[in-house]
Structure formats: structure tokens, C-alpha cells
Amino acid sequence: MTTLLPIADDRITWVRVSSCYLPLATPISDAKVLTGRQKPMTEIAMLFAEIETTGGHQGLGFSYAKRAGGPGQFAHACEVAPALIGEDPSDIARLWDKLCWAGASVGRSGMATQAIGAFDVALWDLKARRAGLSLAKLLGAHRESVRCYNTSGGFLHTPLDQLLVNASASIERGIGGIKLKVGQPDCALDVQRVSAVRRHLGDGVALMVDANQQWDRPTAQRMCRLFEPYHLVWIEEPLDAYDHEGHAALAAQFDTPIATGEMLTSAAEHGDLIRHRAADYLMPDAPRVGGITPFLKIAALADHAGLMLAPHFAMELHVHLAAAYPREPWVEHFEWLEPLFNERIEIRDGRMLVPRRPGLGLSLSAQSRAWTREVREIGVRA
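Here the structure is a predicted model, which means the values were calculated and not measured.

Criteria and thresholds
- Residues numbered from 1 in each chain as written.
- Predicted model: local features only at pLDDT ≥ 70, side-chain atom pairs only at ≥ 80, totals over all residues.
- Heavy atoms only, no water.
- Buried < 20%, exposed > 50% of the residue type's maximum accessible area, 1.4 Å probe, protein only.
- Helix = DSSP H or I, 4+ residues; strand = E, 2+ residues; numbered from the N terminus.
- Pairing = 2+ DSSP bridges.
- Axes fitted to C-alpha atoms, helices over the stretch in contact; angles between N-to-C directions.
- Contact = heavy atoms within 4.5 Å.

Participant: Help me understand helix 13 (residues 315-323), please; the structure alone is not making it clear to me.
Facilitator: Counting along an α-helix, one turn takes 3.6 residues, and residues three or four places apart therefore face a common direction. In terms of burial, helix 13 is largely enclosed, as nine of its nine residues are buried. Taken together, the buried positions of helix 13 are occupied by Met315, Glu316, Leu317, His318, Val319, His320, Leu321, Ala322 and Ala323.

Participant: What is the right way to read the pairing of strand 3 (residues 58-66) from this model?
Facilitator: Note on strand geometry: in a regular strand, side chains alternate between the two faces of the sheet. Buried residues dominate strand 3, accounting for seven of its nine residues. By the bridge criterion, nine bridges tie strand 2 (residues 41-53) to strand 3 in an arrangement that is antiparallel. In the sheet register, Met46 faces strand 3, and the bridge partner there is Tyr64.

Participant: Explanation requested: the sheet that holds strand 14 (residues 372-379) in the structure shown.
Facilitator: Adjacent strands of a sheet form backbone hydrogen bonds with each other and so pair up, either parallel or antiparallel. Spatial strand order, 3-2-1-14: four strands in an open sheet with antiparallel pairing. Bordering the open sheet on either side are strand 3 and strand 14, each of which pairs with just one other strand. Averaged over all pairs of adjacent strands, the angle between their axes in this sheet comes to 20°, without regard to strand direction. Judged from the twelve bridges that link them, strand 1 (residues 12-28) and strand 2 form a sheet pairing that is antiparallel. Bridge pairing in strand 2 links Arg16 to Glu50. Running at roughly 175° to strand 1, helix 2 (residues 70-80) makes contact with strand 1, strand 2, strand 3 and strand 14 of the sheet.

Below is the structure:
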């Protein structure tokens, strides 16, 4: 049996950084593909950080990149990881700043902070595990479960008849809402699909749409007006992610809430969005903004502004962060990352149950190791 050292004497002695590529069974297409801006997505580049201390405590964190950026995130993570060796893992805020300044010449947002995010999540995971608490409980949970909606069955490459099958299957599984991708060159097709799904599910099921930034201002205004009768929970990213004034105008004009924020890559960018009142639902992504530490800053600003919260992607992490938000949130259900972990999140009665296992409650699967392409270890294991 391992004897753990007192917390006060605990220091980081070993860090493992790995680059894993998760293949997607079907190439994924949204409006960015149909408008020619991107190619279909075939894989997700995962950046994993594993941390161990002199006391034998461990933490697991991750970040990710879609379509491009995986090698860059891994390279930057390897560059800054040595800064953690010998440090007290409890000093998470100070260590975030240290890692940020270690790579400050390449910026304090974007790829640089996304690499930091994997370490930050690992440090929070370690702290919660050491306390014997789930991450949600460590942060101060407001609830034991959160509302959840499914996105993966509603992409634009999915034919309409299959869209209806997918929507029914999600509801039968216990998921509480359905999100559809919109933003096709022919706007009438968007309305047709939304109308068909609304008729199929009835008015009692939560329904959202996501345009993935593909409309200009006149088109967004027209589409928001056309979608008003369908009683949507929100219209997501109708405009460019940095068009805060345009989003604010839509939020002020229409009854249907506006959701945005997933593409922003720092707490500062979210602060600017909030100041513009550019969203009714804020959609921060913890790995994209640099981890849990900046996410908590964003959540505090959002709550102060009276905004609703719907974190983007990575449900395995965001279920904990959403549980700690004062206002009732939504969490996006994506099963894509499930093969990477040995554990599964339980869904019941339209809600995602917050795991009770210590930390994130996750461990890497054998499959994730098989998909790993690069590994770098720094320091010595205890």
C-alpha cells in the first residue's frame, strides 16, 4: 500500500504529454463545409496531460483541436511542461500564469493557451482526486444533474429522414433536447428541416439550431425572423464569432435567444462579448480558453451579467463545470470522445448525471493509447 506524503510537501515530479488522434466514423459536415470554408472533419487531435507528484497523486487533463492545430498544441505543451516540475500542484492559478508567460511570445489566447488548458485541467483533476471529491463538488455544485441536448445526430450531411430517426433515438435514450445544424446556401432547406423535426418531436421537446457563423447580418436577421414560430431554445452563432455588435442587435430584436462564444479562446475575449450583451446563452469551451481556471472567470462574469450557460463540446469535462454554475445550464451531448475513456456518463430523463467519482472521474482507455502518435515525458515518476 502506498503511503501518501502530506499535502504541504507535495511537488510535481513527472509530466506526460501525449498526442492522440481520434478517428470519426463518418466525415462531419456543417455550414462551413457547404460554404467552402472548410473540409469535412475526419478526426480530432487530442492533447492529453498526465501529472504525478512526489506524494503519488495523479491528475489527467486534455485539450483538443479540430481539422488543424494538433501538432502545434503538442509542440507548445512539450515546450512549457518543464515549468511545472518541482511546483506545488495546489497553486493552480499561479501555475497557469507561469505557463502562460513561458510562451507569452506566441500570445495569450488561441493555440498557446489551449495547450496550457490540458495541464490546467489535469491540476484541477489532481486536486479533486486528492480531496476525494468529484470536480463538481470541489468547485461547489448547485445540482446533481444538468439538462443535456444532442448535436451529433443533426449535422448537415445527414439526410432528412435519418435526421428524424436520430432525433427520436436521442429522446428515447433520455437526452433532453436536439440541436440541428443550419446555414445552407439555400435557406429554404434550413426551414424545411427545422419544421420537419419540430413536427416530428412536437412542441414539448427542446430544439436548438446552429449556423456555425455562416450568415451575414441581413441573412441572419431574416433567418432569425423565420425561425421565431418554432420556439427554439436558441439560435447559435448566426454571425461571425467576433461580430459582437451584430449578435447584440439580434439578441435585442428577437424573442429567440442568441447563443455564441464557443470559438473564443480567452477569458478576455469572452469579457468583451459579455460587455456587448452579444449573447443570451454563453457557450465557453474550457479547453479552448485555456482550461478550468479561465473558464471559472468567464462563468463569474456571465453569472454577474445574468446570462445562461451552455458550454461547448467535451461533455466529460463540462458536466462538472455546468453543475457548478448558479443558473440552470445546458450541456452538449457528444458521444465522440467516449472511446478515449473507460467510463461513461449516465443520461436519464433529459439530464446528464454528474459523475461522483473523484476528480473528472476519467481514465484513459487502451484504445486511446493505441491511437497515440507522440509522447513526451518530463521529470521522474515517484
